[in-house]
Structure formats: C-alpha cells, structure tokens
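The primary structure of each chain is shown beneath.
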Amino acid sequence: MINLKELSWSLVTIWASLIAVGLVAIYSATQGPVAEFLPSYIQFNFYKQLISFGIAILLLIGLQFINPRTFQEGSYIFYGLGILLMILTLLIGKEVNGARSWLVLGPFNLQVSELMKIATILAVANYLTSGRNISAENLKSAIIAVSLIVLPAVLIILQNDMGTAIIFFALIPVVLFWSGLPYGISLFIISPAIIGYLTIISWYWGLIAAIIITLAIFMLQRRTWLTFTSFVTGVLLVIGIQVALNQVLQPHQRARIEAFTNPSFDPQGAGWNVIQAKTAIGSGGIYGKGFLEGTQTQLRFLPEQWTDFIFCVIGEEFGFVGAGFTVLLLLALTLRLLRMAAVHKHPFARLVIVGVLTVFFTHFFINVGSATGLLPVIGIPLPFISYGGSALITNTLMLGICLNLDFYKRQFSIYR
Amino acid sequence: MHSRNKIRTQTSLRVIQVCIIVLGLIILGRLFQLQILNYDTYNPLSRENSLRQEVVNPARGLIYDRNGNLIVDNQPIYTITVTPASYDPKNTPILAELMDVPVEEVKKRVQEARDYSYYRSSRIFTEVDFETFSIIQESIWQLPGVGHQIESKRDYPVDSLKASHILGYLREVSKEEYLRTQSYHLGDRTGKSGLEMAYEEHLRGTIGTNYIKVNAMGQNMGSYQDGAIDESPKKGSDLYTTIDTELQLLAEDLMQGKEGAVVAINPDNGAVLSMVSAPEYNIRKLSGRLDRTYWDSINADTTNPLYNRAISGKQPPGSTFKPLMALMGLELGIITPQTEIDNPGYYSRGRRYNDLADPGKYDVGKALQESSNTFFFWLMDKIATQQGLDKWHELATSFGLGQLNNIDIPNEVTGTIPDSTFFNRVLGEGKWGIGDQLSLGVGQGFVAVSPLQMALVAAQIGNSGYKVQPHFVSTIRQNDGTTMLTNPEKEKIDWVDPQDIAVVKDGMRRVVTDGSGRYYANLDSVKVAGKTGTAQNPHGQDHGWFISFAPVDDPKIALAVLVENGGYGSISAAPIASLLIEQYLTGEIDRSYVYNYVKTFEPRKQITDEDEEENLDDQSQGT
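Everything numeric here is computed off the predicted structure, so don't read it as measured data. (Residues numbered from 1 in each chain as written. Chains lettered and ligands numbered in written order. Predicted model: local features only at pLDDT ≥ 70, side-chain atom pairs only at ≥ 80, totals over all residues. Heavy atoms only, no water.)

**Describing the overall build of chain B**
Argument step 1. For chain B, the helix and strand inventory stands at 23 helices and 23 strands.
Argument step 2. Residues classed as buried in chain B amount to 55% of the 623 residues present.
Argument step 3. Sequence separation of at least 24 residues holds for 71% of the intrachain contacts in chain B that already meet a minimum separation of 6.
Argument step 4. As displayed, chain B has an accessible area near 26,600 Å², and 48% of this comes from carbon and sulfur atoms. (Helix = DSSP H or I, 4+ residues; strand = E, 2+ residues; numbered from the N terminus. Buried < 20%, exposed > 50% of the residue type's maximum accessible area, 1.4 Å probe, protein only. Contact = heavy atoms within 4.5 Å. Areas by Shrake-Rupley, 256 points an atom, 1.4 Å probe, with all protein chains shown as cover.)

**What to know about unusual backbone geometry**
Argument step 1. Cis peptide bonds are those with omega within 30 degrees of zero, and the linkage from Ala278(B) to Pro279(B) qualifies with 0°.
Argument step 2. Relative to the elements of secondary structure, Pro279(B) occurs in the loop between β12 (272-278) and α11 (292-300).
Argument step 3. Of note, the amide linkage connecting Ala550(B) to Pro551(B) takes the cis form, showing an omega dihedral of -10°.
Argument step 4. Along the chain, Pro551(B) turns up in the loop between β22 (543-550) and β23 (557-563).
Argument step 5. A positive phi angle, close to 65°, is found at Leu292(A), a residue other than glycine.
Argument step 6. On the secondary structure map, Leu292(A) appears in the loop between α13 (270-284) and α14 (295-298).

**Concerning the interface of chain B and chain A**
Accessible area lost upon the coming together of the parts serves often as the stated size of an interface.
Argument step 1. Residue-level contacts link 37 residues of chain B with 51 residues of chain A.
Argument step 2. A buried area of about 3,800 Å², summed over both sides, lies between chain B and chain A, and 73% of it is on carbon and sulfur atoms.
Argument step 3. The tally of links from chain B across to chain A stands at 0 salt bridges.
Argument step 4. Linking chain B with chain A are 7 residue pairs in polar contact (both at pLDDT 80 or more).
Argument step 5. Within the residue set of the side of chain B that touches chain A, elements represented by two or more residues are α1 (2-37) and α2 (39-50) of chain B.
Argument step 6. In terms of residue count, α1(B) provides more of the side of chain B that touches chain A than any other element does, 22 residues in total. (Buried area = accessible area lost by both parts, 1.4 Å probe. Salt bridge = Lys/Arg side-chain N within 4 Å of Asp/Glu carboxyl O. Polar contact = N/O pair within 3.5 Å; in protein donor to acceptor, adjacent residues only side chain to side chain.)

**What about helix α8 (residues 162-178) of chain A?**
All names here are of chain A.
Argument step 1. End to end, α8 covers 25 Å across 17 residues, agreeing with the expected 24 Å (1.5 Å per residue, within 8%).
Argument step 2. Burial within α8 is extensive, with 13 of its 17 residues counted as buried.
Argument step 3. Just downstream of α8 lies Gly 180, where phi reads positive at about 105°. (Expected span 1.5 Å × (residues − 1).)

**Considerations on the pairing of strand β3 (residues 108-111) of chain A**
Argument step 1. Bridge count for strand β2 (residues 99-105) of chain A against β3(A) is 4 bridges, and the pairing is antiparallel. If you follow Trp102(A) over to β3(A), its bridge partner there is Gln111(A). (Pairing = 2+ DSSP bridges.)

**Digging into the confidence of the model for chain A**
Argument step 1. Per-residue pLDDT for chain A averages 89, and the proportion of residues at 70 or more is 97%.
Argument step 2. Of all helices and strands in chain A, the one with the weakest mean pLDDT is helix α12 (residues 251-258) of chain A (74), whereas helix α15 (residues 310-343) of chain A scores best (96). (pLDDT = per-residue confidence, 0-100.)

**Details of the UniProt feature "transmembrane region" (unreviewed entry) in chain B**
Argument step 1. UniProt's feature table lists "transmembrane region" (unreviewed entry) at residues 12-32 of chain B, given in the numbering used throughout.
Argument step 2. From the first C-alpha to the last, residues 12-32 of chain B spans 30 Å; its make-up is 100% helix and 0% strand. (UniProt positions renumbered as here; feature names shortened; annotations may be inferred.)

**Examining the pattern of salt bridges**
Residues and elements named next belong to chain B.
Argument step 1. Within this structure, the stated rule accounts for 23 salt bridges over all chains.
Argument step 2. Between Asp 244 and Arg 66 there is a salt bridge whose closest N-O contact spans 3.1 Å. Here Asp 244, found in the loop between β10 (238-241) and α10 (245-255), pairs with Arg 66, found in the loop between β2 (63-64) and β3 (70-82); they are 178 residues apart in sequence, far enough to count as distant.
Argument step 3. Salt-bridge contacts for Glu 394 lead to Lys 391; the nearest nitrogen and oxygen are separated by 3.8 Å. With Glu 394 and Lys 391 both in helix α16 (residues 389-397), this residue pair falls 3 residues apart, about one helical turn.
Argument step 4. When its relative accessible area of 27% is taken as the criterion, Lys 391 is described as partly exposed.
Argument step 5. A single network of salt bridges, built from pairs that share partners, joins Arg 60, Arg 154, Glu 196 and Glu 200.

**Some details on the sheet that holds strand β1 (residues 94-96) of chain A**
All names here are of chain A.
Argument step 1. Read from one edge to the other, the open sheet built from 3 strands follows the order β1-β2-β3, with strand pairing classed as antiparallel. With one partner strand each, in any of the chains shown, β1 and β3 form the two edges of the open sheet. On average, adjacent strands in this sheet sit at an angle of 45° to one another, irrespective of strand direction.
Argument step 2. Sitting on the sheet, helix α5 (residues 75-92) touches β1 and β2, and the angle it makes with β2 is about 105°.
Argument step 3. Across the sheet, helix α6 (residues 112-128) lies against β2 and β3, angled at about 50° from β3, the strand it touches most. (Axes fitted to C-alpha atoms, helices over the stretch in contact; angles between N-to-C directions.)

**Remarks on a nonpolar patch on the surface**
All names here are of chain A.
Argument step 1. A grouping of Ile 211, Leu 215, Phe 228, Phe 231, Val 232 and Leu 236 is seen on the molecular surface, where their side chains present a nonpolar patch of about 570 Å² in accessible area.
Argument step 2. Those elements that place two or more of their residues in the nonpolar patch are α10 (203-220) and α11 (224-248).
Argument step 3. The leading source of residues in the nonpolar patch is α11, at 4 residues.
Argument step 4. In this fold, Ile 211 is placed in helix α10.
Argument step 5. According to the relative accessible area criterion, Ile 211 is partly exposed, its value standing at 38%. (Patch = residues over 30% accessible without salt bridge, like charges linked within 9 Å, V, L, I, M, F, W, Y side chains within 5 Å.)

Structure below.
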C-alpha cells in the first residue's frame, strides 16, 4: 500500500546533502588544527553531531509511519504542552551563553523553543484552516492567530533568546499573508522591518523606503486610512530610530547595532566578529583555501565557528564555489517545499509546509546575512549545517512532517 | 468563491517564490562581491591577521685591533616587543607588574609603538634581565601582541681598554631617524659617535624577517610556509683597525687624571695607532639599556668627557709649529741651513717680542734646538713681507692644518690657519698688519690646531714630506668573506725638498738631544726627534704640547701629545710621548722614573697670582 515513489526523494537528498556539508564544516571547525585551542567538550561536538544525524535518520523514517491526521488533531495538545514546558524552562532551565533555554531531562538537554516552532506552526495552521469563517481577512481570527505566535515568542524573549524570537515574528506576516490577508496590509506589516533596517544604514534611505512603501500600499489597496497610517508609521519609525541611536543609546550599544554597516568603528569590540567573518569569507576567493587550510578558521579568528559563524568556515575553505553551492542547496530546500505546498490539496498541510519553509528560510537568511555583514549579528544557527543536536532533530522533525503530509497527500482528503 | 481562493493562493505562491529568489540572489550577490570582487582586499587582510613579521636582527660587525685581537664583541640581551594590532590595552597592568615598572610607563611605551606602526612589532623594553624575560615568556599566552626578541649589545673583551672616543657608542634611533629612513625600526640602535657611527652602514648588516603564523590570541603557530619566504639576516661587516691595543692602553693610563689628547700614527701610511682624549667616558655603561644617571652625569661634567679633544680640540700649537716654519723658510729661499741671525734676546718690530732663548748667533738648527722666538719672528716677518700671508697659509695647509683630514671618525674640526681673507673677516679690511702676523710664526695668535693635525705634521716631517691619510680602519671584512682594503696611498707634498727636510729633522733631533726635550724625551735605545710647545691659555695655566717621531731616520711612529694646563710641553707632554715611543718601539719601559713622574704629574687648572704675573711678562713667549 505504501508506495515509496510517493516520497519526495529530492528533498531527502537535499536534506542529507546539507547535513553532509555541515559535518564537513563542523569537522574543520572543531577537529582541524584549530582543535589545539578548543576545550575538549567542543572538539567532541563533531561526534555529537554524527550521533544526532543518526537519530535524525531514524526520526525521518519513523515519521513516515505516522498518520498525517495526528499532526492536525494533536496540534493544540502539542502547543499547550510546549507552552507548559517553556514556562518550566523559564523556572528551572539551564542557562547557556546567557539564554535560559535548556531543559535538562535526565541525560538529555532539550531546547524547548526549537520544538515550539513546529508546535506553533501546527497550531496556527490548524486554527486558520479549521472553519469557513476563519480567515486572516477576519480581524478577530487574525488576532487569535497572531496571539498563538506571539505567546511563545514572548516566553522566548523572557528566556533571553532574541534570535529565536525573531523567527517567530517572521512567521506572522507569512502565515497571515498565505491565509488571505490583503496585500496592502501584508506589506504594511512587514514595512517596519524594511524601513528600520534601511534607517540603521542611513536615515534618508529609511525615509525613501517609507515613501515607496506608502505609494505601493496605496496602489495595492486604495484606502486612505491605511495609506495615511503607513506613511505616519514609516516617518515615526525613521525619527524614532534616529533618536534612539543618537540620544538614547550609549555609544557602545549604538556601535553594536551599527557594527554590520561600519565594523571599523570599533574594530576590537563590536566590529571584531563582523570584520573577521567578512575577512574569512572574502579571503576564500573562488575556490577557497582548502579543507582544514583556512587561516581564519584554524587560527581561531572566528567566534562560534561551529554554530552561528559556520558559514564563514565554508566560505573560507571552499570559496565562492562551496558557499554558493550551500546557498543553492538551502534555496532549493525552500523552493522545493514551496512547490510541495503549491501542489498539495489540503489547506492545513499547505499552511504547515509554508510555515516550515518560512522558518528554514529565515534561519538561512539571517545567519548568512550576519556572516556576510548584510545584517546585524543575530546569533541563530544555519539549518541542518550548524552544530546543535536539538536544532538538527527539530529541523528534521519539521521537514519529516512536511514529507509525511506530502507522502500521504493522495489519501489526505479522506481524513478531513 | 472557490476560484477566487485559488487565484489568491496562486498569487501568494508567486509572491513568496519571488521573495525567496530575490533574497537568495542578494545573498549570492553579496558572496560574489566579497569573494570575487573584493578578494584582493580580504585576502591580504586574512594574511595580515594570521601572519606576523618578526624582525631578526643581524649580528653587528666586530672590531679588531691591528694584531687581529677582538676589541669589540656582541653579547645577548633580551627584549620585550609589542604588536599594537593584537595588543589588548586591558593587559597593561599585568605587563607592568611582570616588568615591575609603573603602569604609566607601559602605557606610554605602547602608545609610542602604536604611533610608529599598528601592525609591526616594536620594542618596548630592552635589556630585560633573564629572569624577568623568563617570567614574561611563561605568561605570553595571556598577553596577546606581546613578543620578545633576543638582541645583542656591545661587549668589550679587553677589560681595561677604554678607547671611548675611537669606538664610540650606540643609541636607539630617534623618532625622526626612523621616520626618515625606512630601514630602521623603533628601538634599533645606531652608532652615535666614533667608529660605530662612521661605519654604521658596514657594521649594521641587513635585517632579516621571519614570517610566523599566529592565532587570534597572538600565539606563535610556527613558521609560515616552512620559512619559504623568510629572509635571513646578514651579519654586519667586521672592521680591522690600526689600533695598537698595547699602546692605546699605555696612552690611556698615562692620560688618566689629565685633560688633553694623544694621537699616535704610523708616518708611513697614516694609520692611527692610538688616540686618547682625556677624560674618557665609559662605553661599557652606554652599551646596553641607557643608564640615564650616567648619561646625565657625563653630559653635565664640566670636563666634557664626550668631547673628542684629539680631533675636535682647537689650540694654538705654540712652538711645535716652528719645524714647519723652518721648512717653509728653507723652501721659500728666505734662509739656507747656514743663514745666521743675531738674537739680542728679543725681536723688535714696532715693539719688543721677548725670547727665552739665550742671546747669540742663531742658524735654523740652533733656533729649533733652543726654540728661539727671535729667529721665527724674523722668519715670519720675512715670509709675510716677501711672500705674503696667503703663501704661508697655502704651505701650512698642505701639511693638513686648517683643513679637514677626513679621518674615519666623526666630529673632526678644521682649526684655523689664517689668511688675508680670514683677517679681513675677523679684524676688518685694512685693520690688521704685521703685528698680527708675527705671532703666527711661533704658533700663537690666531693659529688653532687639533692634536690630530699636529700628529700629521710630525708624521709628514718624519716621512720626509709625504702626505698621509689618517685612518683607523685598514680592512673591512664582509659577511661573505670578501675584504675591502681602505689603505690610502701616501702622496708627496710637492713643494718639500728632501734636503731641506733633513735640516728640519736634524733640528728636531737636537731638541731631544740638547734642547728642551733632553730631560724626558731622550732615549738611549731609540733616536727620537721632536719639538716641545706651550700654548698660551688666557683662562689658566698654559697647555703643554709635544710632537715627535722615531726613529729619526726611518720613523715608525709619530705622535702629538697635548696636556691641558700642563705648563711647559717639555715637562708635561714630552715624557708621555717618549714613554709611548719607548713602549711601541722596544716593547717595554725601562725608565720607570719617567712613568712614575707622569703618573704623579698634576696639571694646575686654577691660575695662581704668581702664574698670572709670569703670564703678563711673557705675552708672546714660546718654548
């Protein structure tokens, strides 16, 4: 009855390739000549990742035997359980690198916020596809959907893990947009991110962006109040950020925010990571310095080079060819998932897949953007590549659920 | 309704697809920019990051005496360096504690290094003792940017040898110097006087560079590409000098406690055998890290030990100028060896010029022997009136007076041999006359010479009129073993006639056998010729001179000795010269009473009333 041809083998291949690239990079970052300067528990990271890979394989296979209805029917339970665990983590969690996001369960350390991503996606998808009257066009349903996302995000902020919280916020516009939120309002929702980013680079770019976005919103949705609100919000945002940067923040705080546009402002402090990361990638050239030959990597110039800055290792040792290949793999992953969502007939499955690909893409864009100095340094891992058992397993879990929903898409309607 | 949803879904799909592709292309474009377009920016950056240039100092060239004995050597000293690019200012207190110096001092030195270069390593503490050096080495892992160098300082193996004015000292290059010349680093030393300065380019050698890999903590990761691009240092060239250590030691010993100078040269080629300027300074105290107290003390010393009296001093030669006068008179045809004049005990020309020599008939030989002022006043009168002052100037200058002789150590002075231009400038045109010129004939008045110049006069009379080039270095042996000879050719002084010079030499011989030199300068073993002199000193007791060469027929050594405030040259300078000749030509000193006499001789610096009167009496006297 199970036809293996129905499984999306292309995605499985991409998944395996990404993990392989990650293992090579982690090996270089922790087992190369650099190992001399690393504590042994970090050197051990490569082997831990190998074990996680093994678990991930079993997980991916195991997931295919689960009834796809379970994900929809259990979504609220998973969500509620997740929230409870998050609160528990806040109370008795273990602090790592300043973030209290680890729950110690016997021999395992569990990062609940990772699992919370998929729980939230399932819950929101379930809610937004649960009835005819529920749609993002409806303000009440939209607010409930947003609340479902904001609640865990706030708990994560309380855990002091800003990077992961940003992933949740990125889900809001995509999920609402997919569920029918009008184009103008969708653009309005994401406009603060665009205007804010450009304002940090330079205030007049921010202003220009605010004007263009206002015009675009007016074109998409000829509503005076929306156009007006958009313009006022944009201008206030530009002014607010300028005031914050120049008046409110201490120079060192400002330096940290602006480090990505002007790392030489504080080369030994906030700019250090950015300079070293860009230097690593830039010095890789076309073909790279070769496996275990990267001076920035092996001489320990990169911070967190097995997690947040792992892309620099790839860029330095394998050059434009290697880094470009990795980027293409990640783009293929998201575009392939998008294609999968497009052909699926069931709205829940579609929304889940879109949510998952949003999480993957946001991780990818912020991580690589940070490493290449396009974005401020926000410490989040590169999916399937960075070291981290929890992340690898939960990412595989998310992908596995998508594969499962796709695998059973022909039978799906009968479960409705 | 359903189809509207379907269209909306299709559009949403498209929008998300476009967003992913656009953002993906931005990332790819950024990679293209960093890795391909800006590769030339980042590649050197990563190399600079992980590569440090380490300066390897060459061994400075050694210095040998004329017998091939080592007199200047090198000794290791330990130096702490800093590379400001990787130095963390937070570590300053730790470094200060390890070095046991105030935090402010470390801050200041690091700032200096930063001003010099952000990426190159600079020395911040030189001559660290081995113990402190070891402590720093143990803590180097927590002090990124801090490194070390093992350098060397000068060492002088002959314990009692001073030779400070010959050898000179090294000092760290000044900020201006390293900014001007790219070849020096902060903290490099360069010769500041003596041979060390004159032969800096030869002695210094070529700096080597090692490229080493370092990590972000500044730890040394071994050599880059197994040293393929390292440049090894080239050792400086060695100097083989003409210094006779035995003679130099004796000269220093004899000049101990006096102010003055000794210059001994080989009349055959101008090789300087010994040069002493007393008082000396201690080059050993200036060889390593600068001893501030000592440096200040020698700078403040009123006897000015840093001043090289042998080549920078300017004193009237007094009667030691008379042999050259005699030679000029003979050459110009004003006198013959037989020309006699009557000396009534004074020379009268507008006024009376007293003579200490007994009245009587004087020919040139007797005039030299007795150092008769009357004879040389008369002779100067004749030269000035018949040939003119400028002719006299020309002949005196050809013996090396009133000009630079290009000896191979710095700070030589020209001295003064007046000519008409000089008098016009100093006294005013038409405002000078024969009275101003007569005193020149007995080496007084405006004549000013250095001991080196007088030694050359002695040498050039001794060698029968050959101009020699004074020098210390005979051979420069380069790193690769090739040698460079610096022995200059001697050149006949064209106006000197050998017959005439024999007369002068005979006169100088008579000074030693029968004249003022007979007490202290006459040796049984060697035929010495010489001339005493006394330089008038308006500020105190007169300075004593003695110029000399021996053996008289084929001189091997020529000397000039100046003892400041020594009074008559015959009792102050002559004994020193004769002891040096005795030592140099016989290898030992027989006359211990002369040695003891010199050692106990005390120049009188302060003038007494009695001296004052005497001085007033004999305004133009020569002895």
